[in-house]
Amino acid sequence: MSVQQQVDSLIAQVLRRNPAEPEFHQAVREVLGSIGPVLAKRPELAEAKIIERLCEPERQVIFRVPWEDDRGEVHINRGFRVEFNSALGPYKGGLRFHPSVLLGTVKFLGFEQVFKNALTGLPIGGAKGGSDFDPKGRSDREVMRFCQSFMTELYRHVGEHTDVPAGDIGVGGRELGYLFGQYKRITNRYESGVLTGKGLAYGGARVRTEATGYGCAFFVEEMLCARGESFDSKRVVVSGSGNVSIYTIEKVHQLGGRVVACSDSSGYVVDEKGIDLDLLRQIKEVERGRIGDYVAARPDATLHSEGSVYDVPCDVAMPSATHNEIGRAEATTLVRNGCIAVGEGANMPTTPEGVEVFLQAGIAYGPGKAANSGGVSTSALEMQQNASRDSWSFEYSEQRLREIMTNVHERCRATAEEFGMPGNYVAGANIAGFTRVADAVLELGLI
Ligand code: NDP
Ligand code: 2IT
């Protein structure tokens, strides 16, 4: 069988064994689509069934999460934790609370996380979890009751040496606080290392909150620099207006770019003077409001509820909301409007058709598993600080993050070049991540 036939047959097997999980299929196709050259060089990987092992989670936990709202009505949600691979370290990855969450969503994110975490070079395995709970419009007390119920089951499966969750969509500082409080209460252990993204008051690490957005900006800066460019005076469009978006905007502004648009699920705003970050943070972090509130306070800005944020002409696009937000049409518009770089703060925000448009156009395209790896990397730094009961300064933590992003960029760049695809960060990230985790799996024997 040729390598291509081997890959096709492996993909067909994943599709057959995991029906009705389109995002998981997409993520598997994306990684397997890049690793043919490695399989050709190293037949021992296929012999040891490394791909089959990487496509099968080590453990999948699904549980009922009952809770009561402020009016006394009972709700039943579903909780997930997919522990994908622990060859490189304890399972590590975020929790997503969003009504769209299904098992296939969590599997795609967990699969992606394995290779992302491997790419960072840090000692962390891959996992993801979450629930179809919708925190939007819920009171703090409702969110607390939900988190307590969620942790009442999850606590059995996590631990500083076992599985270390963090935040993702719908899970930020507030939720992690409630989750940690309940874990501590049930286990009677002050085990800081069981979660990352914690508040600074109870064992959190400086820069973790900012890390994904900052790291993505650093990664894009590296890609621009490799082409003799910089953020200086660049027009930037960021999708979303949550944790990743806010700190992407902050760092892009510090690096000399101007973010002219951002969004949420209700629409997007354009502010030619540059997004006012203090205002955005007040609306999103403090008031938990909608993007339209921004325009009410900034008369020069405009609100758009039709079309896409990618209709706004820009030099750099940084998708930071959710998966599959950029299809062929959005990618084509971006390229046509002169976009030269895309850095993915979100996980899998671009469809395969969109990726093809970017690669064909030859723009600098940084896929999520490379560009957004600053978040989980800083989580690993939080684990390191917790294990040594230490707490680093903001400056030192940011410097570590910057070094990590430079290294991730260099690993992707050099790997793409080694395999004859210079400038292709998709191939570079997938091959480098895959090789590191595959080598570890091989050495651990048949487990
Ligand atoms: P938040 O919950 O803080 O923000 C999410 C943002 O994306 C909101 O503006 C939200 O709008 C928007 N959004 C979410 N789902 C949809 C949807 N289905 N359609 C349109 N807009 C949507 O999440 P984060 O900022 O933490 O996460 C954003 C992305 O970054 C995700 O893809 C996540 O997986 C990825 N990521 C996060 C990391 C982290 O450390 N937090 C690390 C690496 C990647 P609305 O409020 O209207 O729903
Ligand atoms: O997708 C991701 O990398 C995250 N949501 C962060 C995971 C983590 O463990 O910090």
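Per chain, residues are indexed from 1 in the order of the written sequence. Whichever chain is written first is A, and whichever ligand is written first is 1; the rest continue in order. Note on the predicted model: pLDDT of at least 70 is required for a residue's local features to be given, and 80 or more for side-chain atom pairs to be given and counted; whole-chain, interface and lining totals, by contrast, use all residues. The side-chain numbers reported here are obtained from all heavy atoms of the structure, hydrogens and water having been left aside.

## Considerations on the side chain of Asp168
Logical step 1: Elements are defined by DSSP. Helices are runs of H or I of four residues or more, strands are runs of E of two residues or more, and each kind is numbered from the N terminus. For Asp168, the position within the fold is in the loop between strand S5 (163-166) and helix H8 (173-187).
Logical step 2: Not counting the four nearest positions on each side in its chain, Asp168 is found in contact with Gly94, Leu95, Arg96, Lys128 and Asn347. Note on contacts: a residue pair qualifies if any of its non-hydrogen atoms lie within 4.5 Å across the two residues.

## What about the site of ligand 2?
Logical step 1: Residues are counted as near a molecule or strand when any one of their heavy atoms sits within 4 Å of it. Around ligand 2, the structure places 14 residues, and the nearest of them are Lys92, Gln113, Lys116, Lys128 and Ser379.
Logical step 2: The definition of a polar contact used here is a pair of N or O atoms within 3.5 Å, where within protein one atom must be able to donate a hydrogen and the other to accept one, and adjacent residues in sequence count solely through side-chain atom pairs. A distance of 2.7 Å is found between an oxygen atom of ligand 2 and a side-chain nitrogen or oxygen belonging to Lys116.
Logical step 3: One of the side-chain nitrogen or oxygen atoms of Asp168 is found 3.0 Å away from a nitrogen atom of ligand 2.
Logical step 4: A total of 300 Å² of accessible area belongs to ligand 2 in isolation, and the protein chains cover 94% of it.
Logical step 5: Secondary structure elements with two or more residues in the shell around ligand 2: strand S3 (91-97), helix H6 (103-120) and helix H16 (373-387).
Logical step 6: Of the residues in the shell around ligand 2, the class split is 2 nonpolar, 7 polar and 5 charged. Shrake-Rupley sampling with a 1.4 Å probe provides the accessible areas, and residues are treated as covered by the protein chains on show and by no other component. Residue classes follow a fixed rule: Ala, Val, Leu, Ile, Met, Phe, Trp, Tyr, Cys and Pro count as nonpolar, while Asp, Glu, Lys and Arg count as charged, and any other residue, Gly among them, counts as polar.

## A word on the packing of helix H7 (residues 140-154) against H8
Logical step 1: Every angle, taken between N-to-C directions, lies between 0 and 180 degrees, and every axis is a line fitted to C-alpha atoms, over only the stretch in contact when it is a helix. Packing of H7 against H8 brings their axes to within 8 Å, and their N-to-C directions diverge by 45 degrees. It follows that H7 is oblique to H8 by the angle criterion. The two elements H7 and H8 cross, and the hand of that crossing is right-handed. Together, Asp140, Val143, Met144, Cys147, Gln148, Phe150, Met151 and Thr152 of H7 and Arg174, Glu175, Tyr178, Leu179, Gln182, Tyr183 and Ile186 of H8 make up the contact between the two elements.
Logical step 2: The residue inventory of the contact of H7 with H8, partitioned by class, reads 9 nonpolar, 3 polar and 3 charged. When describing relative orientation, an angle under 35 degrees is termed roughly parallel and one over 145 degrees roughly antiparallel, while 65 to 115 degrees is termed roughly perpendicular and anything else oblique. Left-handed describes a crossing in which the near helix is turned anticlockwise from the far one by less than a right angle; the clockwise case is right-handed.

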